[in-house]
Amino acid sequence: MTITTDAAGGRWAPLATPAALLDRQRLQHNITRLQQRMDALGMRLRPHVKTSKSWPVVQAPLAAGAQGITVSTLKEAARFAEVRAGVHVFFVLVMCNVGVCTKTRWR
């Protein structure tokens, strides 16, 4: 267990580790800025989700206009396809070595 402190030195509650701490305002600002840039270029945004692997974090760019997500493995693709409830248009791009992908069983 880790005790964390904020920038002002105040203590936060103990966190079980590993734990991800996100600045939601900064996250949303960056998502909005990236989506605006892609819109201006006429491109479709499909952010890679390998870092967060978290459905709530993945939903934010989708809500901002992303056209889908990019994953590294078929297992990640299957997992995100399972939890996509409420998303009407969902595109999962799998970016992996063909040899690795062919050895993975898709359900």
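Residues numbered from 1 in each chain as written. Predicted model: local features only at pLDDT ≥ 70, side-chain atom pairs only at ≥ 80, totals over all residues. Heavy atoms only, no water.

**Q** Tell me about the nonpolar core, and please be specific about residues and values.
**A** Counting 11 residues, the largest nonpolar core consists of Met 38, Leu 45, Val 49, Trp 55, Val 58, Leu 62, Ala 66, Ile 69, Val 71, Ala 77 and Phe 80. Within the residue set of this core, elements represented by two or more residues are helix H2 (55-63), strand E1 (69-71) and helix H3 (74-82). Counting residues per element, this core draws most heavily on H2, which supplies three residues. Ignoring anything within four residues of it in the chain, the contact list for Val 58 reads Val 49, Ser 52, Ile 69 and Phe 80. (Core = buried A, V, L, I, M, F, W, Y, C linked by side-chain atoms within 4.5 Å. Buried < 20%, exposed > 50% of the residue type's maximum accessible area, 1.4 Å probe, protein only. Helix = DSSP H or I, 4+ residues; strand = E, 2+ residues; numbered from the N terminus. Contact = heavy atoms within 4.5 Å.)

**Q** Any chance you could break down H2 for me, citing the residues and the numbers?
**A** Every buried residue of H2 is listed here: Trp 55, Val 57, Val 58, Ala 60, Pro 61 and Leu 62. Where H2 is buried, its residues touch helix H1 (24-41), E1 and H3. Gly 65 lies just past H2 and shows a positive phi near 120 degrees.

**Q** So, H3: which residues are in play, and what are the values?
**A** Burial in H3 covers these residues: Leu 74, Glu 76, Ala 77 and Phe 80. On an axial view of H3, the arc spanned by its buried residues comes to 155 degrees, and they lie on one face. Structural note: H3 exposes Lys 75 and Glu 82 on the side pointing more than 90 degrees away from its buried face. (Arc of directions from axis to C-beta.)

**Q** Outline the side chain of Glu 76, supporting the account with residue identities and numerical values.
**A** Within the secondary structure, Glu 76 sits in helix H3. We classify Glu 76 as buried; its relative accessible area is 11%. One polar contact links Glu 76 to Lys 53, side chain to side chain, over a distance of 3.2 Å. The residues touching Glu 76, leaving out its near neighbours within four places in the chain, are Lys 53 and Val 71. (Polar contact = N/O pair within 3.5 Å; in protein donor to acceptor, adjacent residues only side chain to side chain.)

**Q** Would you mind going over the pattern of salt bridges in detail, with residue names and values included?
**A** The full count for this structure, using the stated rule, is one salt bridge. Between Glu 76 and Lys 53 there is a salt bridge, with its nearest N and O atoms 3.2 Å apart. Linking Glu 76 in helix H3 with Lys 53 in the loop between H1 and H2, this pair joins segments that are 23 residues apart in sequence. (Salt bridge = Lys/Arg side-chain N within 4 Å of Asp/Glu carboxyl O.)

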